[in-house]
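Each chain, letter by letter, is given below.
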Amino acid sequence: MKLQLIAACAALATFAAGTAFAADTVTVKLSAPVAAKTKVIAGGAVFNCEADACVAIARSQTYSVATCKLIADKVGMVTSFTGVKSFDDDKLSNCNAKVMAKASGATTLAKQ
């Protein structure tokens, strides 16, 4: 019985690994590097951020402005969002709107 369970787990792990390697990646470039390696969960994917880039195995829901906004909120302004699909300037602007508003608000408060 234990041997069957181990074999089933091994088969599942092999299938999952094969699926992961067959998937496409999405790369998010940042305007400034992150201070330390960071993981961000967004759009059903785990983005590994290091230096000025975040990379994840892409799923269909990964290519959304909502995903981009979560990443921008966690690690800073996004300059490009690429993979099978790429964001145009309008989508990047929408993605960074909250980060820009925060930066603008901080500047306004500092001046007062």
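This is a predicted model, so every value here is computed, not measured.

Conventions used here
- Residues numbered from 1 in each chain as written.
- Predicted model: local features only at pLDDT ≥ 70, side-chain atom pairs only at ≥ 80, totals over all residues.
- Heavy atoms only, no water.
- Helix = DSSP H or I, 4+ residues; strand = E, 2+ residues; numbered from the N terminus.
- Buried < 20%, exposed > 50% of the residue type's maximum accessible area, 1.4 Å probe, protein only.
- Contact = heavy atoms within 4.5 Å.
- Areas by Shrake-Rupley, 256 points an atom, 1.4 Å probe, with all protein chains shown as cover.
- Disulfide = S-S within 2.5 Å.
- Pairing = 2+ DSSP bridges.
- Axes fitted to C-alpha atoms, helices over the stretch in contact; angles between N-to-C directions.

Participant: Could you clarify how one ought to interpret the overall build of the protein chain in this entry?
Facilitator: Of the regular secondary structure elements, the protein chain holds three helices and five strands. In sequence order, the protein chain lays out its α and β elements as α-β-β-β-β-α-β-α. Taking all 112 residues of the protein chain together, 26% fall into the buried category. Restricting the contact set of the protein chain to residue pairs at least 6 apart, pairs at least 24 apart contribute 51%. Just so you have it, the protein chain exposes about 7,400 Å², and 63% of that area is on carbon and sulfur atoms.

Participant: Sorry if this is basic, but what is going on with the state of the cysteines here?
Facilitator: One way to say it: the disulfide is the covalent bond shared by the sulfur atoms of two cysteines. Across all of its chains, the model carries two disulfides by this definition. Disulfide partner of Cys-49: Cys-54, at an S-S distance of 2.1 Å. Residues Cys-49 and Cys-54 are joined through a disulfide that is right-handed, its torsion about the S-S bond being 110 degrees. In terms of burial, Cys-49 and Cys-54 fall into one category: buried. A disulfide bridge connects Cys-68 with Cys-95, and the sulfur atoms are separated by 2.0 Å. Residues Cys-68 and Cys-95 share a disulfide whose torsion about the S-S bond is about -80 degrees; that sign makes it left-handed. Separated by 27 residues along the polypeptide, Cys-68 in helix α2 (residues 65-75) and Cys-95 in helix α3 (residues 89-111) bring together distant segments of the chain.

Participant: Just checking my understanding: could you explain the sheet that holds strand β5 (residues 78-82) for this structure?
Facilitator: Backbone hydrogen bonds are what pair the strands of a sheet, in a parallel or an antiparallel way. Pairing in this open sheet of five strands is antiparallel, and the strands run β2-β3-β4-β1-β5 from one edge to the other. Both edges of this open sheet fall to β2 (38-42) and β5, since each of them pairs with a single strand only. Looking at each pair of strands side by side, their axes are set apart by 20 degrees on average, direction ignored. Where strand β3 (residues 45-50) meets strand β4 (residues 53-57), three bridges bridge the pair, whose relative direction is antiparallel. Its bridge partner being in β4, Asn-48 is matched across the sheet by Val-55.

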